[in-house]
Amino acid sequence: MKNIIALAFASVVSMVSPIMAEVHLGDQVPGTIALTTWDGTTTNLDAYKGKFVVLEWYNPECPFVKKHYSVGNMQSLQKEFTAQGVVWLTVNSSAPGKQGSLNAEQAKELMTTANGAPTSVVLDHSGAFGKALGAKTTPHMFIIDKSGKLVYRGAIDDNDSARSATIAGAKNFVRAALNELMNDKPVSVANTDSYGCSVKYSA
Amino acid sequence: MRLVGWIGVILAVVGIGIPANSHSQSPFPPSHAALQHRSISQEGIGVGLTITPEKGWHLYWRYPGDSGATLKTNWGCDGLPPADTGMKLEPTAWPIPDVLPVGPLVNYGYAHAVTLPFMIPCNAALTKRLTVDAEWLVCKEECIPQFATLELLPPWNKEDSSASPLSMIFPSGSVLSLVGSRTGNVASFALPPSHSGAVGSARFIPSSSDQIVNAALQKVNGNEISVTLTSDSVDRLSGLIRFSAAEAHPVSVTIPAAPSSAASNGSPNFATVLLWAFIGGVILNAMPCVFPVLGLKIYQLVSATPAERHTNSILYALGVCLSMLALGGGIGLLRSAGVGVGWGTQLQNPAIVYSLALLFVLLGCNLLGMFELGSALQSAAGKVRASGPLMDGLLTVLVATPCTAPFMAGAVAVAFTLPLASQLLIFLFLGLGVATPVLMVGVVPAFAKILPRPGEWMDLFKQFLAWPLFASAVWLMSVLIAQVGLERANGPLFGIVVLGFLVWLFTAVRPTGFRKWAFILAGIVLVYCFYPAPKPALSAIAVAHVSYDKTELTKLRAAGVPVFLDATATWCITCQSNKKLVLHTDAVMSAFFEKKIVWMEADWTEPNEDITNLLNEFGRAGVPLNVYFPPQKEPIVFPPILTSGMVLEALAR
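As the structure is a computational prediction, the values presented were derived from the model and not from experiment. Residue numbers run consecutively from 1 along every chain, following the written order of its sequence. Chains carry letters and ligands carry numbers; both start at the beginning, A for chains and 1 for ligands, and go up in the order they are written. This being a predicted model, a pLDDT of at least 70 is required before a residue's local features are given, and a value of 80 or more before pairs of side-chain atoms are given or counted; all residues contribute to the totals for chains, interfaces and linings.

1. Some points on the overall build of chain B
Defined as follows: Helix numbering and strand numbering both begin at the N terminus, where a helix is a DSSP run of H or I of at least 4 residues and a strand a DSSP run of E of at least 2. Whether a residue is buried, exposed or partly exposed follows from its count of other C-beta atoms within 10 Å of its own C-beta, namely 20 or more, 12 or fewer, or something in between, respectively; the C-beta atoms are built from the backbone. What counts as a contact here is a pair of residues whose C-beta atoms, placed from the backbone, lie within 7 Å.
When you go through chain B residue by residue, the secondary structure sums to 17 helices and 23 strands. Of all 653 residues assigned to chain B, the portion counted as buried reaches 39%. Of the contacts formed within chain B by residues at least 6 apart in sequence, a portion of 76% connects residues at least 24 apart.

In structure tokens:
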């Protein structure tokens, strides 16, 4: 008898698509969340349909972000692919008052100094965008295909050391995935464990 | 903080990298590392790498959780520098990690000193020097990667006495192989009875990503643990069951795929959902805990006139539906406010379980004719009062939900992801289902005909109904025993006898007017005196305190190390407010840092003779007791209620 009820409820539950705070690989990413950018404009992911989009979670004071920025690794990746028409959004989800929280001025200054080349920097102070995508670390990398589906999620490379010297010998997952996508191939390594500092959400 | 643990063993050169414009205002390295000798064997040289984070900072476990990074080591023997030999080794075992929430994320690591055992495959006879390049991440909220090159020289078989056993508590036993079940993306598995010791605080810690949502609430129901899977495709969980900082077992859980009936259902609409809720409600009537209440309803309906029957059943249905709505809406609202409650959560509260058991015993006594109450349930023969049947409806819902909770908790939790309006509609239909049998009998004359005629049998039937109620009370008490443990359940068990005695006394004395109410009030108070003191829940987060140890205290004092002693207990409200308002404030904590004060905590939550003696020593009968031992000076004893000024002034002396 109890099992019948349990089954009834299991069916009830299975009919309902649960509202998850995390996008799974192959799922459509939430395209309508408003994104405030460093030039004061508002955009959303739907605006970039038809292009590959890279999301890079960024906190300038995190040692793991510095690992990649101090030797120009992230910047060269940005240049390499924005030149090929990829949209690169660097996202700052640090809540105001928390480590690495940026306003538009600071974002511009930092990127200029670092010689960075993202398409735009998204100032996600509420953390809504980060939480919707399930961004957990800085850096945390996401690639969205032309139809708006998530095709890569995880680390930038396979060496989770904080030493910049390890970059040379590491396999860069993002470069590999983007090259495959550019050649109309499926992403072979699509899901990796991201490493780094926790995203400094407000709560 | 385990100062004695590493002072004197360092043969190390510690190189620390702190990022130049770090957000952190911490001038100190947030942790220290040291190598210790442990043993030699045929496999090589055993050493211990101890890392001691400063208070408030933490290190990471093998799987760091949502963020962070685990320890990396590169070992070398003799003159070969590590980079050349390139022996990347993992510890042979990882001590039990703590669960460390960071905002909306969860990490697994150590907020205290930890010793990681390594087995270095070098020939002890030939090795003149052992080197390790270590990299590890230390975080508070901000993170600082640390690097160190440490060295160790022979003799290799020297067991360092300074290795602290406390920082070396490993998961024990062989891997438990379990089979779980899933409902949506919630997986549940039951621990074997032999492991159900401290299940209340148990938590599953995965050994890799893509198993569970680390930050999702884990429910523990009896010996069953429910976790939220990262996706439907997860079919295996492996990791640890952590009962406490001192006890954990490796575990591997196979989760069979969801029943195909659920998966192949296409896309049924909301109406089907409501239909299922309705059917579920009808079935609830047959639940052992609902049946006695239902029996009472039938008893009332039999003896009532058709008109009364009509009103009575409609009011009952209204009572059921309103209670269901209140329950569903209340839980929904609480959940949206971020409070971790679920279906049948009332059963998780021992106070409510005890109250229900008492209520059942009282009703049973009433049915046996021990006393007459002017209550709703007694109004069967008299005229129908609106409040009576409404209350019956409430009672039905109250007793029905706990009965089903073990089966529905996980499922309903996921159903709560619906918008509030849809949730309420589901609960309304559940309520309608529950009320339908009684409503049918009351409203449809054809159904009323199946009721037997009133007669002498009714008194017997009424008395008979006392027994399922007593049985339900016993069942509730068994739930209570499982919740609070047999020792603490003694009080409530006697409380039930006292309740029976009071009922008898009441009928014998027959007080009237004011005395009657005074008697009832005194009775309630008396019965509740038997309610057990709440057992404090073990915190999942370990704080980097040194546990009280008399010898250690003497040692530290002899070494001239300042010690702050905090005798506390989870159930002590003054202690908690002292912690929150005074001790854990920035001002006091930074003073602790500056002066390198060792915070020694004597946790009196569970009885502990050493701590009782300590309290007596300072003339205290209980906690809180806070004492500051300045180096080479008399200890300063604080009054029970602390102020920041008082503490800072004492520390400044």
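Text resumes after the structure shown.
2. Overview of the overall build of chain A
Helix and strand counts for chain A stand at 6 helices and 9 strands. Residue burial in chain A is summarised as follows: out of 203 residues, 44% are buried. Sequence-distant contacts, at least 24 apart, represent 74% of the contacts inside chain A between residues at least 6 apart.

3. Quick notes on the sheet that holds strand 11 (residues 176–179) of chain B
Residues and elements named next belong to chain B. For clarity, the threshold we go by: Strands qualify as paired when DSSP identifies two bridges or more between them. Inter-axis angles, ranging from 0 to 180 degrees, are taken between N-to-C directions of lines fitted to C-alpha atoms, where helices are fitted over the stretch in contact.
Taken together, the 4 strands give an open sheet; going across it, the order is 11-18-17-14, and neighbouring strands pair in mixed fashion. Two strands close off the open sheet at either side, each with one partner strand: strand 11 and strand 14 (203–206). Recorded for the sheet is a direction-independent mean angle of 40° between the axes of neighbouring strands. Alignment of strand 14 against strand 17 (residues 236–244), held across 4 bridges, turns out to be antiparallel. When the bridges of strand 17 are listed, I205 appears paired with L240.

4. A few points about the nonpolar core
Quick note on the threshold: Nonpolar cores are built from buried Ala, Val, Leu, Ile, Met, Phe, Trp, Tyr and Cys residues. These are joined into a set through C-beta atoms within 7 Å.
V54, I143 and V174 of chain A are the most contacted members of the largest nonpolar core, which has 111 residues in total. Element by element, the count of residues in this core is highest for strand 9 (residues 130–139) of chain B, at 7 residues. Ignoring anything within four residues of it in the chain, the contact list for V174 of chain A reads V54, L77, M141, I143 and I156 of chain A. Membership of the second largest hydrophobic core comes to 30 residues, among which are L363, L465, L469 and L499 of chain B.

5. Remarks on the confidence of the model for chain B
Residues and elements named next belong to chain B. Worth spelling out the cut-off: Per residue, pLDDT captures the predictor's confidence, and it can take any value from 0 to 100.
Overall, the predicted model of chain B reaches an average pLDDT of 75, with 77% of residues at or above 70. Residue range residues 1–27 is modelled with pLDDT below 50. Its contacts to residues more than four positions away, or to other chains, number 63 contacts. Scored below 50 in pLDDT, residues 535–543 makes 20 contacts in the model with residues more than four places away or belonging to other chains. Our summary of model confidence lists the complex with pTM equal to 0.50 and ipTM equal to 0.71.

6. Remarks on the sheet that holds strand 12 (residues 181–183) of chain B
Residue and element names in this part refer to chain B. Spatially, 4 strands are ordered 12-13-16-15 in an open sheet, and the strand pairing comes out antiparallel. Each having just a single partner strand, strand 12 and strand 15 (219–221) make up the two edges of the open sheet. Each adjacent strand pair in this sheet contributes to an overall mean axis angle of 25°, direction not counted. Alignment of strand 15 against strand 16 (residues 224–228), held across 3 bridges, turns out to be antiparallel. By the bridge assignment, K219 is partnered in strand 16 with S226.

7. Section: the packing of helix 15 (residues 586–594) of chain B against helix 17 (residues 644–652) of chain B
All names here are of chain B. As a reminder of what qualifies: Should an angle fall under 35 degrees it is taken as roughly parallel, and over 145 as roughly antiparallel, whereas 65 to 115 is taken as roughly perpendicular and any remaining angle as oblique. Crossing handedness is read from the near helix: turned anticlockwise from the far helix by less than a right angle, it gives a left-handed crossing, and turned clockwise, a right-handed one. Residue polarity is assigned by list, with Asp, Glu, Lys and Arg as charged and Ala, Val, Leu, Ile, Met, Phe, Trp, Tyr, Cys and Pro as nonpolar; anything else, Gly included, falls into the polar class.
Contact pair helix 15 / helix 17: the axes reach a minimum separation of 10 Å and the direction vectors enclose 15°. Classed by the angle they form, the pair helix 15 and helix 17 counts as roughly parallel. As helix 15 runs across helix 17, the sense of the crossing is left-handed. Contacts from A587, V588 and A591 of helix 15 reach helix 17 at S644, V647, L648 and L651. Grouping the constituent residues of the contact of helix 15 with helix 17 by class yields 6 nonpolar, 1 polar and no charged.

8. Overview of the environment of D459 of chain B
Residue and element names in this part refer to chain B. The residue D459 is located in helix 11 (residues 457–509) in this model. Assessed through the 12 C-beta atoms surrounding it within 10 Å, D459 is described here as exposed. Sequence separation of D459 and G369 is 90 residues, and the distance between their C-alpha atoms is 9.4 Å.

9. Examining unusual backbone geometry
Residue and element names in this part refer to chain A. In this model, T138 is joined to P139 through a cis peptide bond whose omega is -10°. Its identity as a non-glycine residue notwithstanding, N115 has a phi of 65°, on the positive side. On the secondary structure map, N115 appears in the loop between helix 4 (104–114) and strand 5 (120–123).

10. As for helix 9 (residues 420–443) of chain B
Heads up, the condition is: Fitting axes to the seven residues that end at a residue and to the seven that start at it, the angle between those axes gives the bend at that residue.
At T436 of chain B, helix 9 of chain B shows its largest kink, close to 50°, and the proline P437 of chain B lies no more than four residues downstream. Considered for burial, the residues of helix 9 of chain B that qualify are Q423, I426, F427, F429, L430, G431, G433, V434, A435, V438, V441 and G442 of chain B.

11. Concerning the environment of D193 of chain A
Relative to the assigned elements, D193 of chain A resides in the loop between helix 6 (173–182) and strand 9 (197–198). Taking the C-alpha atoms as reference, D193 of chain A lies 8.3 Å from R153 of chain A; in sequence the two are 40 residues apart. Residues within four places of D193 of chain A in sequence aside, it is in contact with G154 and A155 of chain A together with S209 of chain B.

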